[in-house]
Amino acid sequence: MNHSDGNIAQPLAALVAADPDRLSSVCQRASALEAVRLALQRDLQLAFRKRGQLVQPLAFFAMVTLLFPLAISPELARLRELAPGVLWVGALLGSLLALEFLFRDDAHDGTLEQYALSGQSLTALMVAKTIAHWLLTGLPLALMAPLAAVSLGVHTGALPGILFAVAVGSVALSLIGSIGAALTLGIKRSGALLSLLTLPLSLPVLIFGARATQLAIHGASFAAPLELLGALAVLGGTLAPLAAAAAVRISLE
Amino acid sequence: MNWTWFHRLASPPHVYALAVRLTPWFAWPAALCIAAGLWGGLVLAPPDYQQGDGFRIIYVHAPSAWMSLMVYVTMAGAAAVGLIWRMKVAHAVAASCAPIGASFTFAALVTGALWGQPMWGTYWEWDPRLTSELVLLFLYLGYMGLRAGIEDPQRADRASAVLAVVGVVNVPIIHYSVTWWNSLHQAPSVMRLGKPAMPLAMLVPLLLMLLGFTLFFVALLLTRVRGEVLARERTASWIREVVRA
Amino acid sequence: MPEHTIEVDNLHLWRGDRHVLRGVSFKVLRGGCLEVCGANGAGKTTLLRALCGLVYPEQGRILWNGENVRQDLPAFHAALAYLGHEPPLKADLTARENLHYWIGVRRHLGTSELDTALARVGARSWCGQLVRTLSAGQRRRVALAGLTLLPVPLWLLDEPTTNLDAEGRELVAELVREHLAHGGIVVAAVHQGLPSSVRNVTRLELAA
């Protein structure tokens, strides 16, 4: 072990231990925004190291979409009527699938604990994790929704609207889901309980999202339900990270 | 303002003694009100000109539905108090509310279905009120499921408290969205609760039943809280005094 | 030099029905090291976590520099470093990346500083490997490197010498000695005790 390299670190520790106020000049505290950026970056980097897992919610969504024509009827006219429901149920279930992993690994290896002890706002770090979750789950689902819609007989004019609606709705779903995921941390086989907690809270998203999709398919203006979806996402954005942070602290007790 | 009464509520022995004293004050009036309401509603009130005698189920359905919501709000309130002031007794109250509220919700759904069949020919209709009741049942089940799933009792208390508060914020949102959804499809509203002018003979028993159910809920809650407090404090010394008495 | 003190006053804590911490009280001044000893299940980890503010005691106060930590918990957290049983590392990131994120969330971290810290714990040759491929002892060393990068006066360490060979244990002793010499405080939960080269150690025995 080469001790001479350690001499650079020693004076630093000495300076800072001697006078913590010099902390700001010697080594700066990270700001909340930097902490959020790093937390987000880490989650994304980790996800790309396990690239196989990224595809799972999408594969699930595709499977669900496949189930309905097989179970009901291959007539496109009929499927078009059902398309809003099929798309949104698929998106909702796909989002649920990925929620279990939102905090699980972090809770297991102690990194969530370090977040709680970092001196940074835990709420802000929750926002970072939820954004990462949406980028890895919600956004891909939104990009896939038009493809699923086409397979259900929806005409191409409606596709941008569908993409947009699922994108906004999935933001709300990720936020709402983070609460349930945080509450069920550490419970073994929590999948069913997580669904039971999250689905009732997600119903408004389902209702407004499916309505927006339906209007888009019929060529009508879907501004009203889309605005309601947006309102849900904003409300979720302000309240869900707070609730999730509280739930995380409770799970660390 | 003198807050000692509030802080004394944090003491389990005090709450236990209070619950023992207060229960009869709620139980007897509850029995009276419900008896009077049932007599007034089932016997005295005239049959509805449209629905005949079938409407009488409203005397159980409407108070149940109202109570299911009120109990949830009470549960969330107790949970919030427990979270903010770290009162174990508040968590005991919230835990006691949940099964009572779930039962009221279930009763509302069942009576709603029983009402639907003779009147509209179907046991279930996706009208906004029934659908909201069903979602409320799932909220209760989720709450109880979360409590059951967490082993550490303090953590179970606090986690379910967060869930209850989140739920109570969502209840108006869910109800609004379900009503909005229902209005789009213009489904007939099955359980229209009385025309604008409900005759007094019908209304008074209904209000009596409502009051009776509320008193019944408080009496039942006090009884359950006593049990919860005993179970939670079973290692404490004051329990032995109570058992001896 | 500022007078850092950590003081615990009559701490009582229950886990379910178990009265884990019964009236624990102590005070550690700057440059002081407290060894918390006890059998398994005596509450060593619980005490450390209560000190962190992660677990809420039913009774008692924790004072940092004379002030109740509950009054400004984030500020208290910014002044402490906690190492739990398991090193807080992500298996799918390298040692360098792990430290970059873990420490970076708290303070600006330059690459040279990071490299120096890793070299100090003997990680120079394997710091670019995924943590998944490292041994338990190597992971512990990475955690210690992180500790040296956090400019905080209070160290709360849960079994810091686990999985380390004799050389590793001496490294821990060296780091602790340095930290104490610069006016820091160390509270460590230990099974067998810190290496004897650490001076000025008070022991706190927790009965099961």
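Please read all numbers here as calculations on a predicted model, not as lab measurements. (Residues numbered from 1 in each chain as written. Chains lettered and ligands numbered in written order. Predicted model: local features only at pLDDT ≥ 70, side-chain atom pairs only at ≥ 80, totals over all residues.)

**Observations concerning the interface of chain B and chain A**
Here is the rule: Any two residues are considered in contact once their C-beta atoms, placed from the backbone, lie within 7 Å. Secondary structure follows DSSP: runs of H or I at least 4 residues long count as helices, runs of E at least 2 residues long count as strands, and numbering of each begins at the N terminus. Residues are grouped as follows: Ala, Val, Leu, Ile, Met, Phe, Trp, Tyr, Cys and Pro are nonpolar; Asp, Glu, Lys and Arg are charged; every other residue, Gly included, is polar.
Listed per partner, the contact involves 22 residues of chain B and 20 residues of chain A. Where the side of chain B that touches chain A is concerned, the elements lending two or more residues are α5 (128-149) and α6 (153-185) of chain B. Counting residues per element, the side of chain B that touches chain A draws most heavily on α6(B), at 13 residues. Its residues placed into classes, the side of chain B that touches chain A shows 14 nonpolar, 6 polar and 2 charged.

**Structural notes on the confidence of the model for chain B**
We count it as follows: For every residue, the predictor states its confidence as a pLDDT score lying anywhere from 0 to 100.
Confidence in the prediction for chain B averages 85 pLDDT; 92% of positions are at 70 or higher. Note on residues 187-191 of chain B: pLDDT is under 50 here. Beyond four places in sequence and across chains, it has 12 contacts.

**A short note on the nonpolar core**
In globular proteins that are soluble, nonpolar side chains generally tend to be buried together. Quick reminder of the rule: Joining buried Ala, Val, Leu, Ile, Met, Phe, Trp, Tyr and Cys residues through C-beta atoms within 7 Å gives a set, and that set is a nonpolar core. Residues are called buried when their C-beta atom has 20 or more other C-beta atoms within 10 Å, exposed when it has 12 or fewer, and partly exposed otherwise; all C-beta atoms are positioned from the backbone.
Among the nonpolar cores identified, the biggest contains 220 residues, and A:A145, A:L229, A:A247, B:M75, B:A94, B:V162 and C:L156 are the most heavily contacted of them. Excluding residues that lie within four positions of it along the chain, A:A247 makes contacts with A:I179, A:A182, A:L183, B:A159 and B:V162.

**Notes on helix α4 (residues 88-120) of chain B**
To be explicit about the condition: Helices are assigned an expected span. That span is 1.5 Å times one less than the residue count.
Spanning 33 residues, α4(B) covers 47 Å between terminal C-alpha atoms, matching the ideal 48 Å at 1.5 Å per step. A positive phi of about 80° marks B:G121, the residue just after α4(B).

**A word on the environment of B:Y59**
Residue and element names in this part refer to chain B. Counting through the fold element by element, Y59 comes out in helix α3 (residues 58-85). A tally of 23 C-beta atoms within 10 Å means that Y59 is categorised as buried. When the C-alpha atoms of Y59 and S103 are compared, they prove to be 16 Å apart, with 44 residues separating the residues in sequence. Once residues lying within four places of it in the same chain are set aside, the contact partners of Y59 are G37, L38, G41, P205, L206 and M209.

**A closer look at the sheet that holds strand β4 (residues 59-64) of chain C**
Residues and elements named next belong to chain C. Operational definition: Pairing between two strands requires that DSSP report at least two bridges joining them. Axis definition: a line fitted to C-alpha atoms, over the contacting stretch in the case of helices. Angles run 0 to 180 degrees between N-to-C directions.
Pairing within the open sheet is antiparallel, and its 4 strands lie in the order β2-β1-β4-β5. The sheet is open, and its two borders are formed by β2 (18-29) and β5 (67-68), each paired with just one other strand. The pairing of strand β1 (residues 5-15) with β4 spans 5 bridges and is antiparallel. Residue pairing in the sheet places I6 in a bridge with W64 of β4. Packing against the sheet, helix α1 (residues 44-52) makes contact with β1, β2 and β4, and its axis sits at approximately 60° to β2.

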